[in-house]
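Residue-level structural notes
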Amino acid sequence: MIPIRLEIQGLYSYREKQVIDFEQLTAAGLFGVFGAVGSGKSSILEAILLALYGSTERLSDRGEKNSMLNLQSEELLINFEFQSGKNNTKKYLGRYAAKRNPKKFEEVKPAEHTFYEKVADSWEPIEAKAEEIIGMKKEHFKQTVIIPQGKFREFIDLTPGPRAEMMKELFGLERFDLSGKTGSLLKVVREEKIRLETQLAGLEEITTQILEEKTQTLQSQKKEAEELALKVQLGETKLKHEEGLLQKSIQLREFESIFQTLSLKRPEIEEKRQLHKEFITAKTYIKPFWDQINDTQKEFEKYSTSVVDCERFKIRYESEVKELEEEESELKEKNQQRPQREAKIRDLKKVLEIKRLQKNLDEANQKLENLKPEIETKRNSQENLEKEILDLEKQAEELSSPDIGVLSELQSALRDWGNWEKDKKQLSQTRDLLLEEIQAVKNKLELIETKIPKSEKTLETWLKTQKNLILKLENERDKLMQKQGLTAHAHLLEDGKPCPLCGSLNHPHPLESEAEKAEIKHKNEEINREKDQLETILTLIQNQKENQIHLENHAANVNSKNADIQKIEVAFDSMQKMLSSHGISNEEELKTKVGSLSQAGKMKDKLQNEIKTLRQTWSSQRTNLVEIEKSFQAAQLSQNSIFSSISSKKEEIKDPTFCKPFFEKTADQIQATVLKVEADIDEAIQLLEGKQKVLREKREAQASNLASLKNFKELKTSASDKLEKLQSEFEVQKAAHGFLDNDALIRLFEHSLDAEKVDLEIRNFDQKIAITESRIKELKAEKGVIEFDEALFSALKNEVTEMKTLSESAQNSLLLLSEEIKQIKVQLESKKSLLETFGTLENRENNLKELERLFKGSGFVKYVSSIYLKELCNTANVRFMKLCKNSLSLEIDDDNTFWVVDYLNGGRRRLLKTLSGGQTFQASLCLALALAEKVKSLNQADQSFFFLDEGFGALDRNALRVVFETLKSLRHENRIVGIISHVEELQQEIGVYAQITLDPEKGSQVNYSY
């Protein structure tokens, strides 16, 4: 996770909206956030935690969250933009907002906590929470990325169980928890083993001995089956021959029966043969003449009927043509009057136009009559307004105008008088409060100075003396510890033998370990007391510096307030001099003067506004009058134009006598007359055209009928001649073929005989009877057919059937036995395979039982966690041994408990809790950096971020320098480190930082070093 931008408003001391631009800060690799105690430095970390996890470190999640809202703010708003995900490639925005209840100040409404992801150039809301986005819980985030006050050494202080659980969650070690998977596999193996045992129990009776017995039985049954099959084959051959004779005997009887039936049908066939012959002769030679005679007779009758019809139509057409010619003559005469009727219609239309123009003329006259009095009224109103405007202008000239500049200056003075008195009073009260606070701060400083020993001049000299004293005591302790290290060799000393260290033969005063241990313990207690005293001195120095800063700030504020009061007094004196020039000495006189000037100005303004209003009214009425006069002139022009048009239209009328009565009628009546005449003219034209068309059609039909009459007469004569010729030829053909009876011949023509069918029936009969006679002769000539005995055939058939049944039974028995042998072989192979698998499963069950015992109770996870912790410890030791000058190193035992290896005491181990405050800070820093490095590697990120708010005040100058060098070296490892501190030495060393200051009115303010 890499921070980009943080917006804070309404959180703790952040009254106004402040922005922390992390992009510039993180670009330096190492940056700081500095400020006095209580300025709001640590609130930055709490804002990040709120934006990510919705809770803070300082206040609990129940009830106390209401206190985080600034007492002078109505709203809390935090926007935190950051990078996260694989290699920190995705951008996210965490937003946390809360508002006070407007009706109840102490109550804060539930907060809104949302996340957004940047897609293209817009923020899209997402459902994911911080645990999913960053990949760790809040507790782990506070131990590896952002470490707030009081939480820096939390990882060290964890007991082995929670520490291992943290490693499990951080690095996903739950994948090594194989106990569940092992149990599942063991369960599957046991179930498979039970299944195999069940299958083997069913195959227990299947043996090779049974297989051999079944094989021998199969051989004997196979021999018997072959003998039966041979007998059946011989019997079937004989039976097949007898069946052939049976079929031929049956065929002989059938053919003899068919021959008898055909002999009975022969007379009927001969009769049909004679009828067919006569029918064919009549149809071939005589029937064509008979058909032609009938067709010609029908044509003659048809032409005779057509001649009669045409004669009748001839008479009717002559009558209709004559009638149509008379009607055509009448319509032609009516249409010849069309020009005179159209001229009268045109005159009537002019009468209509004259009546319309007369109506417009009446309207124009009425409009002129209406406009005359309105114009007169408007002119009188204009004259009255002009007189009123002149009177008001005279009144305005008589009133004197106040000086606008003087009035404005006096009004400004009156307004400033009250504001300056109010500001001066507030500034005086604020200055008095600041002076009281200055005195209180001075008292605190005097109290701090009373705590300085008489032998020391200042706290700084006291601090230096105390550090020298601690250094002296630590040197004495180191010497004692070195001596104690030599006591490990004291037991090797023997009288008369050289010392293994110095080679001396005399050992007058050997070291005693117990005395040295007591002295070292006493010295450590003395050092701890002096270090506590050093902490007290540092606290006093810090309090002194804070009070001095407060004193300087209050003094600067008092000077600022005095300067503001002085400015107000100078401005007040300048204003009073100006008022004296106008004869004003106090505020009441100023108010009276401003009121009188304002009243005179208001009176003149009122008159000017009235004049302006009257002028606007006059202008508006004048415009209206001009418009009305224009309308009057237009009406006059329209009147003259209409009168001229009426005279012109009257002159254009061709028949005034005809039109005179119509001037008394209405326009609708005249229009109806015009439409009626026009419709009558159009109807006459259409009727004439229709009659002419019908007449042409009738004449054409008449001509066609006359032509048809002539044609039908000719066809009738031709048909009569043809009919006589055909009848003569018909009689000749009858005599030639011996058909003397005309009625018998006609019946033959009308007979429904199907010649082809009868012919086919005769030919089939002849063919069938010939084949039957031939087949009977062939069967009687064949040996054994006439002598065939059905009783002997039935006996042979039963004998063969019985032998086939015995053979099939033997074959079925042989087949079942073969299948049984095959099944036994398959079962034997299956039994062998199951026994092999069962042995394999027994081995796997034993192995899985052993693994289950090893993985039980997350033992393997704890083992992997201890490996991760040891690797973490080794990574931390690279920095920690450098910080402590190779005198100490960290170690972790099999129970995941941290120990310190003390190389100044012979490399012996002691608990991590025995380290001093500064050494504990160094160890915690190294472990935190190592943990952050592992998390960076886990997230596959090029950069990692580490924010620290802890412990620099507990380090001496040398330790602080070493720690600072360590932090600076992290930039070469592509690590970003942020430090929150009030230690001035760090601020001097770090070039890029954010400075947090607490303004009494605006709250916490953020400034930058660049």
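Our subject is the structure that appears above.
About the criteria used
Residues numbered from 1 in each chain as written. Predicted model: local features only at pLDDT ≥ 70, side-chain atom pairs only at ≥ 80, totals over all residues. Heavy atoms only, no water. Helix = DSSP H or I, 4+ residues; strand = E, 2+ residues; numbered from the N terminus. Buried < 20%, exposed > 50% of the residue type's maximum accessible area, 1.4 Å probe, protein only. Contact = heavy atoms within 4.5 Å. Areas by Shrake-Rupley, 256 points an atom, 1.4 Å probe, with all protein chains shown as cover. Expected span 1.5 Å × (residues − 1). Pairing = 2+ DSSP bridges. Phe/Tyr/Trp six-rings, centres within 6.5 Å; stacked < 30°, edge-to-face > 60°. Salt bridge = Lys/Arg side-chain N within 4 Å of Asp/Glu carboxyl O.

**Examining the overall build of the protein chain**
Summing up its helical and strand segments, the protein chain has 23 helices and 16 strands in all. For the protein chain, the proportion of its 1010 residues judged to be buried stands at 34%. Partitioning the contacts of the protein chain with sequence separation of at least 6, the portion at a separation of at least 24 is 76%. Accessible surface, the protein chain: about 62,300 Å² in total, of which carbon and sulfur atoms supply 50%.

**A short note on helix H7 (residues 179-202)**
Here H7 spans 35 Å end to end across 24 residues, near enough to the 34 Å set by a 1.5 Å rise per residue. Of all the residues in H7, the buried ones are Thr-182, Leu-186, Val-189, Lys-193, Leu-196 and Leu-200.

**Description of the pairing of strand E1 (residues 2-9)**
Buried residues dominate E1, accounting for six of its eight residues. Pairing analysis gives seven bridges linking E1 to strand E4 (residues 75-84), with the strands arranged antiparallel. Across the sheet, Arg-5 pairs through a bridge with Glu-81, a residue of E4.

**Digging into the packing of aromatic side chains**
Following the criterion strictly, the structure yields eight aromatic pairs and no others. Aromatic pair Phe-34 and Tyr-993: ring centres 5.5 Å apart, planes at 70°, arrangement edge-to-face. Residue Phe-34 is found in strand E3 (residues 30-35), and its partner Tyr-993 is found in strand E15 (residues 993-999); the two are separated by 959 residues along the sequence. Assigned by exposure class, Phe-34 and Tyr-993 land together as buried.

**A short note on the pattern of salt bridges**
Per the counting criterion, the structure on display carries 19 salt bridges. Of the charged contacts, one joins Lys-17 and Glu-7 as a salt bridge, the two residues approaching to 3.5 Å between their closest N and O atoms. With Lys-17 in the loop between E1 and strand E2 (18-21) and Glu-7 in strand E1, this pair connects stretches of sequence that are 10 residues apart. Given a relative accessible area of 14%, Glu-7 falls into the buried group. Between Glu-842 and Lys-193 there is a salt bridge, with the nearest N and O atoms lying 4.0 Å from each other. Pair noted here: Glu-842 is in helix H19 (residues 790-855) and Lys-193 is in helix H7, with a separation of 649 residues, a long-range link.

Distances and angles like these do not, on their own, reveal function.
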